[in-house]
Amino acid sequence: MEEQASTARVALKYGVLASVVIMIYTTIINIAGLSQNKILSSLAFVFMIVAIVLAMKDFREKNHGYMSYGEGLGLGTLVSAVMGLLSSAFTMFYMQFIDNTLLTQGMDKVREDMERKGMDDSQIDQAMELSQKFMSPGIVFAIGVFGYVLTGLIISLIVAAIIRREKPVFE
């Protein structure tokens, strides 16, 4: 009986690799003072897409050239879950011990955006108060993990449909 490749092992490998790359990238962005740049910040999702594609190709290769849609979807979601856990933990560590002004900078940027939109002071204060409630470390961590998993699931739905290669029924 032939041994099948482990989706967990492949997901862990690519999830950890992509997380390390994202950690280095976000540290460079934060040190350069560009953390509020939405384009540069969202570039981290390109790393997620690349990790999911490489993980699926690696799994398919280790599985004698075959990968079902379900295996690909599960693998991609698992890669993003590993990335979410590690990256969110790193973000929490970074915000609490390395640069604790990061949240304040983000809140200041939000306030500026609201003022630019013409909102009055009472609306801005109310929105800032509500936002402050969601800035506790536990909630930020949970939202980060959930965001990675949800984004990874959506990406995996598409990538798995493209990369899958079903095993012939009569082989």
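Up top you'll find the structure we're talking about.
What you see is a predicted model, and the numbers here were worked out from it, not measured in a lab.

Caption draft 1: A look at the overall build of the protein. When helices and strands are tallied, the protein shows seven helices and zero strands. In sequence order, the secondary structure elements of the protein are arranged as α-α-α-α-α-α-α. Expressed as a percentage of contacts within the protein between residues at least 6 apart in sequence, the contacts between residues at least 24 apart total 79%. Just so you have it, the protein exposes about 10600 Å², and 66% of that area is on carbon and sulfur atoms. Taken together, the 14 basic and 16 acidic charged side chains of the protein have centroids lying 7 Å from each other.

Caption draft 2: The arrangement of the environment of V10 in detail. Note that V10 resides in helix 1 (residues 7-31). C-alpha separation for the pair V10 and M56, spaced 46 residues apart in sequence, amounts to 8.4 Å.

Caption draft 3: Summary view of the pattern of salt bridges. Per the counting criterion, the structure on display carries three salt bridges. The residue K13 makes a salt bridge to D58 at a minimum N-O spacing of 3.6 Å. Taken together, the residues span a long stretch of sequence, with K13 in helix 1 and D58 in helix 3 (residues 44-62) at a distance of 45 residues. Looking at K13, the relative accessible area reads 39%, which means it is partly exposed. Take D58: its relative accessible area is 11%, and that puts it in the buried class. Note that R116 is salt-bridged to D113, the shortest N-O span being 3.1 Å.

Caption draft 4: Highlighting the packing of helix 1 against helix 4 (residues 69-98). Viewed as axis vectors pointing N to C, helix 1 and helix 4 meet at an angle of 35°, and their least axial separation amounts to 8 Å. Relative to helix 4, the crossing made by helix 1 is right-handed. Of the residues belonging to the contact of helix 1 with helix 4, the class tally is 18 nonpolar, seven polar and one charged.

Caption draft 5: Region of the structure containing unusual backbone geometry. At H64, a position not held by glycine, the phi torsion is positive, near 60°. What makes H64 partly exposed here is its relative accessible area of 49%.

Here is what the cut-offs are and how they apply
- Residues numbered from 1 in each chain as written.
- Predicted model: local features only at pLDDT ≥ 70, side-chain atom pairs only at ≥ 80, totals over all residues.
- Heavy atoms only, no water.
- Helix = DSSP H or I, 4+ residues; strand = E, 2+ residues; numbered from the N terminus.
- Contact = heavy atoms within 4.5 Å.
- Areas by Shrake-Rupley, 256 points an atom, 1.4 Å probe, with all protein chains shown as cover.
- Lys, Arg positive; Asp, Glu negative; His and termini not counted.
- Charge placed at Lys NZ, Arg CZ, Asp CG, Glu CD.
- Salt bridge = Lys/Arg side-chain N within 4 Å of Asp/Glu carboxyl O.
- Buried < 20%, exposed > 50% of the residue type's maximum accessible area, 1.4 Å probe, protein only.
- Axes fitted to C-alpha atoms, helices over the stretch in contact; angles between N-to-C directions.
- Left-handed = near helix turned anticlockwise from the far one by under 90°.
- Nonpolar A, V, L, I, M, F, W, Y, C, P; charged D, E, K, R; others polar.

Coordinates in, geometry out; function isn't part of it.
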